[in-house]
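A structural walkthrough
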Amino acid sequence: MRADALARTVRRYRIMAYITGVVLMILCFVGIPLQVFANNLVVVNDVGTLHGILYLIYLAAAYMMTRQVGMKLASPQTIIVLLAGTIPVLTFVVERWVTRRYINPALAAAAAGRPGPGAARAPSAASGQAAPAAPAVPPPAQQRPS
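A word on a nonpolar patch on the surface. A cluster of nonpolar side chains, contributed by Val22, Ile26, Phe29, Val30, Val89 and Val93, occupies part of the molecular surface with about 490 Å² of accessible area. In terms of residue count, the dominant contributor to the nonpolar patch is helix 1 (residues 3–38) (four residues). Along the chain, Phe29 turns up in helix 1. Residue Phe29 is classed as exposed on the basis of its relative accessible area, which comes to 51%.

Turning to the side chain of Glu95, a few remarks are in order. Secondary-structure assignment places Glu95 in helix 4 (residues 90–112). Here the side chain of Glu95 touches Arg14 through a polar contact of 2.9 Å, side chain to side chain. A polar atom in the side chain of Glu95 sits 3.1 Å from the side chain of Arg96.

To continue, consider the nonpolar core. Tyr13, Tyr58, Met65, Val69, Val81, Val98 and Ile103 are the most contacted members of the largest nonpolar core, which totals 27 residues. Counting only elements with at least two residues in this core, the list comes to helix 1, helix 2 (42–69) and helix 4.

With 36 residues, helix 1 extends 50 Å between its outermost C-alpha atoms, agreeing within 8% with the 52 Å of an ideal straight helix rising 1.5 Å per residue. Maximum bend of helix 1: about 30 degrees, positioned at Leu27. Residues Leu6, Thr9, Val10, Tyr13, Met16, Ala17, Thr20, Gly21, Val23, Leu24, Leu27 and Gly31 constitute the buried set of helix 1. Buried residues belonging to helix 1 abut helix 2, helix 3 (76–83) and helix 4. Of the residues one or two after helix 1, Asn39 is the one with positive phi, at around 55 degrees.

Definitions and cut-offs
Residues numbered from 1 in each chain as written. Predicted model: local features only at pLDDT ≥ 70, side-chain atom pairs only at ≥ 80, totals over all residues. Heavy atoms only, no water. Patch = residues over 30% accessible without salt bridge, like charges linked within 9 Å, V, L, I, M, F, W, Y side chains within 5 Å. Areas by Shrake-Rupley, 256 points an atom, 1.4 Å probe, with all protein chains shown as cover. Salt bridge = Lys/Arg side-chain N within 4 Å of Asp/Glu carboxyl O. Helix = DSSP H or I, 4+ residues; strand = E, 2+ residues; numbered from the N terminus. Buried < 20%, exposed > 50% of the residue type's maximum accessible area, 1.4 Å probe, protein only. Polar contact = N/O pair within 3.5 Å; in protein donor to acceptor, adjacent residues only side chain to side chain. Core = buried A, V, L, I, M, F, W, Y, C linked by side-chain atoms within 4.5 Å. Expected span 1.5 Å × (residues − 1). Bend = angle between axes of the 7 residues up to and from the residue. Contact = heavy atoms within 4.5 Å.

Keep in mind these values describe shape, not function.
In structure tokens:
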């Protein structure tokens, strides 16, 4: 994976995580109290719709990021990342956790030209290097003392 493509994917994920998290906090901590105590549905309707649209975009960005940093498809970690946009404040916590555990090592590996943690390694014969030869003569059998 090229380092610049990975960096763009990570940037998209981070932007969507922060935007989705902020909009969800506005919905939960401003819109719902206004709906309950002031009978004002404007914020809940508008911000709720906006959050729904942004969450779908967040899902796409988070899925692409998890694939590129090597997270397994149906692992609990991937599911946590994808569901983080449904619980207020969790997107910020999960983004920091994913950055430390998966994104930083993948970016370092891509910058160094190594395959990332989830990348399949090519066989050594395909890379032009000779595979280590198997020993031609088996090791001598151990003799038991008589």
